[in-house]
Amino acid sequence: MRGKALKLPSFIFDSLLVLPLGCVLALVWANALPESYYRFSHALEFSVNDVGVVFFFALMTKQVVEATLAGGDLHPLRRAGLPIAAAAGGIIVPVIVYLAFLKQVNEPMLAQAWVVTSAIDVAACYVVGRVIFGRHPAVPFLLLLAIASDAMGLAILASANPAATIYVVSGLALVALAVVLAGVMRRKGVASFWPYLLVPGALSWCGLFLSGVHPALALVPIVPFMPHAKRDAGLFVDTAPQAQDALSRFERWWALPVQGVLFLFGLVNAGVPLHGLDAGMWAVPVATLVGRPIGILAGAEAAVAAGLHRTPRVGWKELLVIGCTASITLTVGLFFTTAVMSLGPLRLQLKTGALLTAGGAVLAFLTARLLGVGRFRAARWAGPPN
Amino acid sequence: MNRRPVAQLLAVLALIGAGWLVAAQDVRLPNAAASVKFAVIGDSGTGDRRQVQVADQMLRFHGKFPFDRVIMLGDNIYGAQGGQNFVTKFAQPYKGLLDAGVAFYATLGNHDSLDNRQYPSFHMGGERFYTHVMKNVRFFVLDTDQLDPKQLAWFEGALKASRDQWKICYFHHPLYSDGARHGSDVNLRVALEPLLVAYRVNVVFSGHDHIYERLTPQKGIQYFVAGSAGSLRRGDLRRSAMTAAGFDQDNVFLLVEILDADLSFQAVSRTGQVVDSGTLHLPAPPRADHRPGRRSDSPRAAS
C-alpha cells in the first residue's frame, strides 16, 4: 500500500494510517451518537492517554536518542542550535497571536492553554516536508525543529501542570530513583528492554502520576539508558531487521501495539461536535498558521544574526515553508490539549482547533508554490506556459 | 353618530389592558414570610442598557418579593475583565439590590476570567466550585469550563454529605437545552448526570444559551436554561419535545421561592412581563437512606 513516489518509514506510515482513521471514526460517532461516544471516550481516556501513549512517546524518544549518535542529525549537538532557535521563535510568536486572538473573541478561559500552540505533529510534518522538499536539508531541519518545539512544550506542561498535587516531591523522587535504577541496569549490562520497562519504567510512571506531571512521559527519561546502536541511520529511518540492541528490539516489539494505541488515541480524543462551539476553537489554528511561520523565520534569523551558521540551502523562503508545515499540531496538539485542559467545552474547542491545523498542509503547499520552493522550484523558474 | 358608547368601550378596553399589564407584572409566588427566596440571572455581564433594564426590573420585583440572594450562572463579566469592569458590568447595574443587602453567588462562564472567583461580591471564596445554603436548600456550584477529576470527586462527596431537603445545582453550560446556538452539552451530561440522578438533585440551572427555557424533567431532574439576563439571542429557541416552556424574545430573569416541599418559580422579562411560572412539588422522601440509586420519581410542575 505504500506510495511508490514517496517511500515512508514504518513509524510515519503507521502514524498516518491508523491515527486519521481513528479521528474520522471519532468525528462521525461523536456527531451521530454523542451520548454513547462520550461514554466510551470517558471510559477509555485514562488508559489510552495516560498509559498507552507512554509507548508512543518512548518511540519518539528513541528517534531523538539515536539522532545524537554518530551519523545522526543531532550529532554533534550544536547542529541543532539553529532549529532549536527557530523552534523557540515558533513558540513565542504563536503564543502572542493566540492570546491576542482570545482577547479579540472574548474567551479568557482558554488563555491558560497557551502551551498547546507549541505542539507540532512530527509525523505529519515529515510527510508534508518530504512531499514538498524531497531529499533536502530542509526536512531534517523541520524534524529537529518539530521535536525541539514538542520537547519545549512538554517541559512547559511538566512544570506547569494544573493538576499538580501535594506529592510533587515524593513523585519526583520516585522518578529520580527510576533514572538511577535504569543507569545501574545499563552499567550491569542488562540487554533486554523488558527490565527497563517493568522496573524503572513503572516507577517513573508512578512518580510522574503522583507529582502531577503527565505520566505519558514516563519512558522519556528511561529510554536513553537502554543499550542502543552505535550509529544512527537517520531520523525515522526503519530499524534494520538484524539489529539486536535493546532499543531496536524495543521498537520492533512495540511498533504494532503503538499502532493500536494511535488508533485509540484518535478515536478517544478526536470526537468533537461539529456544531455549537464558540469562537475559541479558531485560536490554535490562527496562532499556528499565522504565528508559526513568522516566529520560525524570526527565530532563525535572530540566531544567524547572533552567530549561528545558516543551514545550507535553507534560506528565508524555505524557512517560511517550514513554518507553514510546522503549523500542523494534530496528534501532539490533541495530546497537549488533554494534558492542559480537563473535560468540558473548552477542551473540545481546543481539540477542534488542533484538528483544524491540518490546514497547515495546504498552506505549506500554497506557500511553496508561490515562492517556488522545493518541488515547485523548477515550475516557477520555467514560468507560466505560453 | 353617537361617540359616547365608543369612548366607553375604549375606556373599558384600556382598563382591561391596564389590568392585564398589572397582572402580568404581578408576583405569582406564595411570597411567604418563612420561605427561601432567590433570583437567577445568567450571561448578565454585558454592561449595556439591557442588563441595566433587567437589573431595574429585578429591583422593582424585589420591592414586592424580597429575595435574599441572586445566583449567577456565568458570563458575569463580558469583554474586558477586572478593575472598573466589575463596576460597570456588575456593581453599577445591581447597585439597588446590593444596597438592599442582596448577596450574589456566582459560577464562572467561558467569558469570565478565572480571577473573577476572587471578587468578594461574587461570594466564591476564591474557589471554582463550592456550596452555599439557605435554610432547607443547598446549592452546589460547579465550574463546567473544566470538569477535572478533583472537582468531580468533591461534587460527589458534597452530594453524599448533604442531608438538605432541596439540592439545587447550577453551572454555566446546560446539560439539556434547545438553544440553536449551543444546545445540550452531551459531553458534560455524560460526566455529570449520573451523579445528579444518583444523589437526587432536584433542580439544575444553567446559562450559556441566551434564551429562557424550562425543560420537561429529565431523569427526574428539573432543568432551567436562563442565559438571557444581559445577552439575548432573539429567536434562538428551537422548541422540541423536551421544551416545557420557553421565551427568546426578550431578556429574562427568574424568581424562585421554596417553601417546604414546594418550589415556585416565575420567569420575568426585561419589561416586567411574566413569561413562565409554576410550582414543583418535591416527591415524598424515599424510605431508604441517601444511597445512590436510580430514581423513578421527578418533581411535578404545575404551570
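For the structure itself, consult the block above.
Thresholds, definitions, all that
Residues numbered from 1 in each chain as written. Chains lettered and ligands numbered in written order. Predicted model: local features only at pLDDT ≥ 70, side-chain atom pairs only at ≥ 80, totals over all residues. Helix = DSSP H or I, 4+ residues; strand = E, 2+ residues; numbered from the N terminus. Buried ≥ 20, exposed ≤ 12 C-beta atoms within 10 Å, placed from the backbone. Rg over C-alpha atoms; globule rule 2.2 N^0.38 Å. Contact = placed C-beta atoms within 7 Å. Pairing = 2+ DSSP bridges. Axes fitted to C-alpha atoms, helices over the stretch in contact; angles between N-to-C directions. Parallel < 35°, antiparallel > 145°, perpendicular 65-115°, else oblique. Left-handed = near helix turned anticlockwise from the far one by under 90°.

Enquirer: I'd like to hear about the overall build of chain B, residue by residue, with values.
Expert: Each helix and strand counted, chain B has six helices and 14 strands in total. Looking at chain B residue by residue over its 303 residues, the buried ones come to 47%.

Enquirer: Tell me about the overall build of chain A, residues and numbers included.
Expert: Along chain A, the regular secondary structure elements total 14 helices and zero strands. Listed by position from the N terminus, the elements making up chain A come as α-α-α-α-α-α-α-α-α-α-α-α-α-α. Computed over C-alpha atoms, the radius of gyration of chain A comes to 21 Å, within 12% of the 21 Å expected from 2.2 N^0.38 for 386 residues, which places it in the range of a compact globule. Counting only C-alpha atoms and orienting by the principal axes, one finds that chain A spans roughly 70 × 50 × 45 Å. The burial tally for chain A puts 55% of its 386 residues in the buried class. Considering only intrachain contacts with a sequence separation of at least 6, the fraction spanning at least 24 residues in chain A is 83%.

Enquirer: Talk me through the environment of B:R163; I want residue IDs and the actual numbers.
Expert: Residue and element names in this part refer to chain B. Following the sequence through the fold, R163 ends up in the loop between α5 (149-161) and β6 (166-170). Of the residues examined, R163 has 9 C-beta atoms within 10 Å and is grouped as exposed. Distance from R163 to N136, taken between C-alpha atoms, is 9.0 Å for residues 27 residues apart in sequence.

Enquirer: Could you give an account of the sheet that holds strand β8 (residues 212-215) of chain B, naming the residues involved and the relevant values?
Expert: Residue and element names in this part refer to chain B. If you trace the seven strands from one edge of the open sheet to the other, you get β4-β5-β6-β7-β9-β8-β10, paired in mixed fashion. Looking at the sheet topology across the chains shown, the edges are occupied by β4 (130-134) and β10 (243-247). Taking the axes of each pair of neighbouring strands and ignoring which way they run, one obtains an average angle of 15° across the sheet. Here β4 pairs with strand β5 (residues 137-141) via five bridges, running antiparallel. Residue pairing for β5: H132 is matched across the bridge by F139.

Enquirer: So what's going on with the packing of helix α6 (residues 168-187) of chain A against helix α7 (residues 193-211) of chain A? Residues and values would help.
Expert: All names here are of chain A. Interaxial distance between α6 and α7 falls to 6 Å at its minimum, and their mutual angle equals 165°. Here α7 runs roughly antiparallel to α6, going by the angle between their axes. Relative to α7, α6 is oriented so that their crossing is left-handed. Packed against α6, whose contacting residues are V168, S170, G171, L172, L174, V175, L177, A178, V179, L181, A182 and M185, the element α7 presents P195, Y196, V199, P200, L203, S204, C206, G207, L208, L210 and S211 at the interface.

These figures come from the coordinates and say nothing about function on their own.
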